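# Survey of secondary and tertiary structure
Each chain is listed here by its residues.
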Amino acid sequence: MTDDLLIRMVKAGKAEAYRALVERYQDMVYNLCYKILLDEDEAKDAAQETFIKVYQVLGSFREDSKFSTWLYRIASNMALGKARRKKRAEPLEDARYVASDEQTGDSQPDNMSQEERSKFLHLALAKLDENDRLLLSLYYLEEVSMDETAEISGLDKNTVKVRMHRARKKLYNVLSSILNQEAKEAL
Amino acid sequence: MKQLPDDMLRQFWQDSKKEAPEGFSDFIMQNLPQHSPLSEALKKPLLSPGIAASLAGLLVVLALLLYNLKGSGQSSSGWYLTMQQWLDSSLSWLGSSPATLPTIGAFSVAIVLLIVLDRLLKRMLNRMEG
């Protein structure tokens, strides 16, 4: 069943049709929120608040636009808002300190386990700004085009391209330096 | 950026994908508002402040115009005479049916009250929707 049909059913009063929409997008929205907030509980809260907000304002959704783009926009605003409030309340902890808590095996990317890759990415993302994290998340969410990324982030397409390139470069540099550090410590 | 780093980053990204927590959709369904989503048209006031102000302005201008027509009789231009005739016939019609004026008055007050009530209700609705 298409998104449009499900939305029409929800608008017509069949609330249960909303479950199908939630199940279709919950992983994407949760991942987007998690990559911005870097905290499972906060990501869960942001994702839940997103879906409830989307239900409340579904009446304002224009059916000529793409539901996923609209949903990601609401989710990213929700997560960015929480990230900014969190940053004001407590500055991000030093990622290097967290990194030293656990022993890692081989710090060559090809030989790492999935868990290790996930952990190092988390540490690298913690060194980036939340706006960079949003752009990177949208970049790696494969079905989101550059035009949609611009719409979701509220930036123009050229700015998105430039910032996304910078963010990827920054992430690569930070990740490389974390991996080098790990390699040195392992020796 | 070279191809290899991007592949590497993509691999890291793929490996860090997470699934939404267990029972996520159940939680959402249990916490949805009890009413179905309201259409935006329903949440908008019947009259926007601009239109309401324009209508009120128009009424005031008309009232002033009629008041002036009734009070003076110098001009003899075509539009003035037409308006004067229209005013005279309206006044005689009102005079012949004494219940008309209070009815129009009550009707106008009811419309103003309805517009105010509508705005209050829509504001409450928007506040409830968050």
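Above this text sits the structure in question.
From a predicted model like this one, the values you see are computed outputs, not experimental measurements.

Basis of the calculations
Residues numbered from 1 in each chain as written. Chains lettered and ligands numbered in written order. Predicted model: local features only at pLDDT ≥ 70, side-chain atom pairs only at ≥ 80, totals over all residues. Heavy atoms only, no water. Helix = DSSP H or I, 4+ residues; strand = E, 2+ residues; numbered from the N terminus. Buried < 20%, exposed > 50% of the residue type's maximum accessible area, 1.4 Å probe, protein only. Contact = heavy atoms within 4.5 Å. Areas by Shrake-Rupley, 256 points an atom, 1.4 Å probe, with all protein chains shown as cover. Salt bridge = Lys/Arg side-chain N within 4 Å of Asp/Glu carboxyl O. Buried area = accessible area lost by both parts, 1.4 Å probe. Polar contact = N/O pair within 3.5 Å; in protein donor to acceptor, adjacent residues only side chain to side chain. Core = buried A, V, L, I, M, F, W, Y, C linked by side-chain atoms within 4.5 Å. Domains from an automatic or database assignment.

Attention now goes to the overall build of chain B. The secondary structure content of chain B amounts to six helices and zero strands. Helices and strands appear in chain B in the N-to-C order α-α-α-α-α-α. Going through the 130 residues of chain B one by one, you find that 20% of them count as buried. Put simply, of all contacts in chain B between residues at least 6 apart along the chain, 53% involve residues at least 24 apart. Of the roughly 9400 Å² that chain B leaves accessible, carbon and sulfur atoms contribute 68%.

Regarding its fold elements, chain A presents nine helices and zero strands. For chain A, long-range pairs separated by at least 24 residues make up 64% of all intrachain contacts whose partners lie at least 6 apart in sequence. Accessible surface computed for chain A: about 9500 Å², of which carbon and sulfur atoms make up 46%.

The subject of this paragraph is the pattern of salt bridges. Applying the stated rule across the entire model yields 12 salt bridges over all chains. B:D26 is paired through a salt bridge with A:R19; the nearest N and O atoms lie 2.7 Å apart. Residue B:D26 is located in helix α2 (residues 24-30), and its partner A:R19 is located in helix α2 (residues 17-37); the two belong to separate chains. When its relative accessible area of 36% is taken as the criterion, B:D26 is described as partly exposed. Residue A:R117 is joined to B:D15 by a salt bridge in which the shortest nitrogen-to-oxygen separation is 2.6 Å. Of this pair, A:R117 sits in helix α6 (residues 114-125) while B:D15 sits in helix α1 (residues 3-15), placing the two residues on different chains. With respect to class, A:R117 is no different from B:D15; both count as buried.

With 46 residues of chain A at the interface, the matching set in chain B holds 35 residues. Buried area between chain A and chain B, both sides added, is near 3900 Å², and the carbon and sulfur share of it is 66%. The tally of links between chain A and chain B comes to three salt bridges. On inspection of chain A and its partner chain B, the count reaches seven residue pairs in polar contact (both at pLDDT 80 or more).

Residue and element names in this part refer to chain A. Inspection of the secondary structure puts D132 in helix α7 (residues 130-140). A relative accessible area of 9% places D132 in the buried class. Side chain to side chain, D132 and K170 meet in a polar contact 2.7 Å long. When near neighbours in sequence (up to four residues on either side) are disregarded, D132 contacts A167 and K170.

Before going further, it helps to examine the side chain of A:Q26. One can find A:Q26 in helix α2. Residue A:Q26 is classed as buried on the basis of its relative accessible area of 14%. In contact with A:Q26, other than residues within four places in its own chain, are A:F51, B:A20, B:F24 and B:S25.

To continue, consider the environment of A:L171. By the element assignment, A:L171 lies in helix α9 (residues 157-186). Owing to a relative accessible area of 0%, A:L171 belongs among the buried residues under this scheme. In this structure the C-alpha to C-alpha distance between A:L171 and A:R133, which are 38 residues apart in sequence, comes to 9.2 Å. With residues near it in sequence (within four places) discarded, A:L171 still touches A:L121, A:A124, A:L125, A:L128, A:L136, B:L9 and B:W13.

Let us now look at the nonpolar core. Within the largest apolar cluster, 45 residues are counted, with the highest numbers of intra-cluster contacts made by A:Y18, A:V29, A:F51 and A:F67. Every element with two or more residues in this core is listed here: α1 (3-11), α2, α3 (40-56), α4 (67-89) and α7 of chain A together with α2 of chain B. When residues of this core are assigned to their parent elements, the largest contribution, 12 residues, is made by α2(A). Shared between two domains, this core takes at least three residues from each, and those domains are domain 1 (1-91) and domain 2 (94-187) of chain A. Those residues in contact with A:F51 that lie beyond four places of it in its chain are A:Y18, A:L21, A:V22, A:Y25, A:Q26, A:V29, A:L71, B:F24 and B:I28. Formed by 21 residues, the second largest nonpolar core is a distinct cluster that contains A:A126, A:L136, A:I178 and B:W13.

Everything listed here is a matter of coordinates, which is why it stays silent on function.
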